[in-house]
Amino acid sequence: MTAKITSKPSRNSTRRHFIKTIGMVSTALAGGMSFGKNISRKSIELDSLKDNCSFSGLPPNYTYLNSGTEGTMPECVLSTLQENLIKWARNPTNSYELDPILGKRQEFNRNKVADFLNVGLNNICLTDNTTMGLSMTIMGLAFGPNDKVVTTNQEHTAIRSPLQLLNQRQGLKIETRSFPSANRLSKMKATEIVDFLFPNIPALRNAKALCVSHVYPTTGVRLPLYALREKADELNIKYLVIDGAQALGMIDLTQKDDRLEHSDFYACPGHKFLNGPPSTGVLYIKNAHIRPPEFYPTLSQRMIRYADGESMSYPIAKALQVRGCSNAPGFTAMVRAMDYINDEGGAEYIEKHILSLSKDVKNFILSQAPNCIVSPYLDKKLLSGLTTFYPFKWTKPQIPLKDKESVNWVVDKLLEKNIRVRSIGIPTPGNPNKLSTKTYAIRVSTGYFNTPEDVDSFKFALRDVLNRIN
Ligand SMILES: Cc1ncc(COP(=O)(O)O)c(C=O)c1O
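About the cut-offs
Residues numbered from 1 in each chain as written. Predicted model: local features only at pLDDT ≥ 70, side-chain atom pairs only at ≥ 80, totals over all residues. Heavy atoms only, no water. Near = heavy atom within 4 Å. Polar contact = N/O pair within 3.5 Å; in protein donor to acceptor, adjacent residues only side chain to side chain. Areas by Shrake-Rupley, 256 points an atom, 1.4 Å probe, with all protein chains shown as cover. Nonpolar A, V, L, I, M, F, W, Y, C, P; charged D, E, K, R; others polar. Pairing = 2+ DSSP bridges. Helix = DSSP H or I, 4+ residues; strand = E, 2+ residues; numbered from the N terminus. Axes fitted to C-alpha atoms, helices over the stretch in contact; angles between N-to-C directions. Contact = heavy atoms within 4.5 Å. Expected span 1.5 Å × (residues − 1). Buried < 20%, exposed > 50% of the residue type's maximum accessible area, 1.4 Å probe, protein only. Phe/Tyr/Trp six-rings, centres within 6.5 Å; stacked < 30°, edge-to-face > 60°.

Chemist: Explain the site of the ligand to me, please; I cannot follow it from the model alone.
Modeler: Of all residues adjacent to the ligand, which total 13 residues, the nearest are T130, T131, D243, H271 and K272. Note that a nitrogen atom of the ligand is positioned 2.6 Å from one of the side-chain N or O atoms of D243. Contact between the ligand and K272: an oxygen atom at 2.6 Å from a side-chain N or O atom of the residue. Look at the ligand: alone it shows 400 Å² of surface, and the protein chains cover 88% of it. Class assignment of the residues belonging to the shell around the ligand gives a composition of four nonpolar, seven polar and two charged.

Below, the structure written as structure tokens:
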């Protein structure tokens, strides 16, 4: 008998407003942006959408279960974006130089993000995406010739790429630890996984940085930030650098176990689970006073402040923010997505909804094919809104199908039924330097806008598709 996860009933998401609002939205948005005479009429239409946070951008018969790749945007976010693009277009110079919301220093939006995450203004820099935040961090830290960093075999290229660059350019040593195989991983507890990945051995001790993900895009494993912090302290690792691409908008980053402040640097996007616009993200920097020669602002117009020695107290988050023209209208819309979360009941509430849907997906796979689940399901602390599993023939559930072709076939057949999930490559354990060896699995992301009905549609369609697989 396989243990089942107990699901709490979840509230219907705001997609229920879809039918009511679709006519109004398509009128306002289908016209796109128009400047000149129409502008005041457009502004009035947008005003009426600003408080409407239905997810009607997604067609009614489309079950979108891939927020792990990209989220969508509710109307209030879309209209905020459009409104501020128009504002910019009307008065570009003023917008960039002086506007308190759109201007290059971004203090207003940085403050709003800081409030949402319960940290300070100078802990926050707004970025284009996770990749930018990780690059600013890894390239900014002043690694010396004998330094090493610890990472895992399942990191995204957003972490691996800058580490590789430093490895090749200046010989930074990289200790890559392998996750256990899927059948072992799915039954593990949080402390077991963290101890397995980062044992107290000389090869890991005294590393300069531990560079890992909060939630793994491959397996959906969520590594509790407090456990990573404890581990980094135990191993005397100076910096805990976190890739939070799959966490913002899914996990409450102000709560005990997963509080942002457990990390030293945390990079995350606005465009995935948060349902903000493309090209938005956040970099959290714990030490607001960090500066050269400990940390350099690599993408910035403000290095001069440190170089001339006159203003050594200039906050690094501000130095990283002032980097030419950024996606300021996008940042206003990302902040709107955060306000929306607060209006809905807060990040903790959103997390509960997402986890409850993902438990439902996990239980469905467990009930039919316990051998095929990859994501952990026994320890609550490891759960996320991502569920990964190997497909299987419905009548032979004991045999996981791990090849790319079978997985892509299932993804394509589900898409023919208007269900969007994705295929994901999982590096095999034991050979951290040969990252190209992978098995393939299906990944289902349950976002805030998803409903129990979406999960039911997925289950129904999956059963049909797996009955047809050869
Ligand atoms: C773990 C992880 N890191 C980084 C990224 C890249 O995210 P972004 O587009 O925000 O740079 C992704 C995208 O899927 C991801 O899953």
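Chemist: Explain the sheet that holds strand β3 (residues 148-152) to me, please; I cannot follow it from the model alone.
Modeler: Think of a sheet as strands paired side by side through backbone hydrogen bonds, with each pair either parallel or antiparallel. The strand order across the open sheet formed by seven strands is β2-β8-β7-β6-β5-β3-β4, and the pairing between neighbours is mixed. Whereas interior strands pair on both sides, the edge strands pair on one side only; in this sheet they are β2 (124-127) and β4 (173-177). Sheet twist, expressed as the average angle between the axes of neighbouring strands with direction ignored, equals 15°. As paired elements, strand β5 (residues 209-213) and strand β6 (residues 239-243) share five bridges and run parallel to each other. Note on β6: the bridge partner recorded for L210 is L240. Strand contacts of helix α5 (residues 107-117): β2 and β8 (281-285), with the helix running at about 115° to β2, the strand carrying the most contacts. Running at roughly 160° to strand β7 (residues 265-269), helix α6 (residues 130-140) makes contact with β2, β6, β7 and β8 of the sheet.

Chemist: Hey, could you run me through helix α16 (residues 452-468) in this one?
Modeler: Every α-helical turn comprises 3.6 residues, leaving residues that sit three or four positions apart pointing alike. Here α16 contains 17 residues, and its C-alpha end-to-end distance of 25 Å stays within 8% of the 24 Å for a straight helix at 1.5 Å per residue. The complete set of buried residues in α16 reads D454, V455, F458, K459, A461, L462, V465 and L466. Those residues of α16 that are buried are in contact with β1 (63-64), α14 (347-368), β9 (386-389), α15 (404-416), β10 (419-420) and β12 (438-445).

Chemist: Would you explain the packing of aromatic side chains in this entry?
Modeler: The geometry of an aromatic ring pair is captured by two quantities: the separation of the ring centres and the angle between the planes. Within the structure shown, the criterion is met by 13 aromatic pairs. Ring geometry for Y62 versus Y64: centroids 6.0 Å apart, planes at 45°, classification tilted. Among the aromatic side chains, those forming a connected cluster through ring pairs are F55, Y62, Y64, Y340, Y349, Y448 and F449.

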